[in-house]
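Given next are the chains, with one letter for each unit.
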Amino acid sequence: QVQLVESGGGLVQAGGSLRLSCAASTSIFSIGAMGWYRQAPGKQRELVATITSDGKTTSTDSVKGRFTISRDNAKNTVYLQMNSLKAEDTAVYSCNAELVAGRMKLNDYWGQGTQVTVSS
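The rules behind the values
- Residues numbered from 1 in each chain as written.
- Predicted model: local features only at pLDDT ≥ 70, side-chain atom pairs only at ≥ 80, totals over all residues.
- Heavy atoms only, no water.
- Phe/Tyr/Trp six-rings, centres within 6.5 Å; stacked < 30°, edge-to-face > 60°.
- Lys NZ or Arg CZ within 6 Å of the ring centre and 35° of its normal.
- Disulfide = S-S within 2.5 Å.
- Helix = DSSP H or I, 4+ residues; strand = E, 2+ residues; numbered from the N terminus.
- Polar contact = N/O pair within 3.5 Å; in protein donor to acceptor, adjacent residues only side chain to side chain.
- Contact = heavy atoms within 4.5 Å.

*Asks:* Just to check I follow, could you spell out the packing of aromatic side chains for this structure?
*Replies:* By convention here, two paired aromatic rings are described through the distance between centres and the angle between planes. Per the counting criterion, the structure on display carries one aromatic pair. The ring of Tyr79 carries the charged tip of Arg19 above its face, separated from the ring centre by 4.1 Å. A cation sits over an aromatic face here: Arg45 above Tyr37, 5.4 Å from the ring centre.

Right, here's the structure in full:
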């Protein structure tokens with residue numbers, strides 16, 4: 001019912017920047033909150049940042065001041081601008097989107113994940 005297409009991952013030097021994009025599509029319902037998660041091998045998946053359909057954002061302390069989440073509701077697309085990247089940011093980044101009908105959450109959907117590698 002929902003397809004997520006991610007892009008923007010890659011290899012970057014420490015101190016550099018990347019911008020991740022995730023476009024969600026649904027034929028019947030609407031997209032509610034969206035977010036970015038990351039997971040490094042051998043570590044638990046962690047929430048990076050979220051944004052509601054009306055623009056309210058959250059982010060984990062380790063990325064505050066460096067990462068910015070935003071969205072374009074007309075395109076059902078969420079972005080993650082990552083600046084001042086550090087080696088510890090290396091992980092697979094995954095996009096999540098909520099399928100909603102009005103105020104009711106129906107389900108959560110995930111993208112395929114995109115690798116971000118930061119070299120020191």
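*Asks:* How should I be thinking about the state of the cysteines in this particular structure?
*Replies:* Covalently bonding the sulfur atom of one cysteine to the sulfur atom of another cysteine gives a disulfide. Applying the stated criterion across every chain yields a total of one disulfide. The disulfide partner of Cys22 is Cys95, and the gap between their sulfur atoms is 2.1 Å. Looking down the S-S bond of the Cys22 and Cys95 bridge, the torsion is -85°, so its handedness is left-handed. Of the two residues, Cys22 is situated in strand 3 (residues 18-26) and Cys95 in strand 9 (residues 91-101); the sequence distance between them amounts to 73 residues.

*Asks:* Sorry, what's going on with the side chain of Asn96 here?
*Replies:* Topologically, Asn96 is positioned in strand 9. A distance of 3.3 Å separates the side chain of Asn96 from the backbone oxygen of Tyr109, its partner in a polar contact. Among residues more than four places away in sequence, those in contact with Asn96 are Leu4, Ala33, Met34, Gly35, Tyr37, Asp108, Tyr109 and Trp110.

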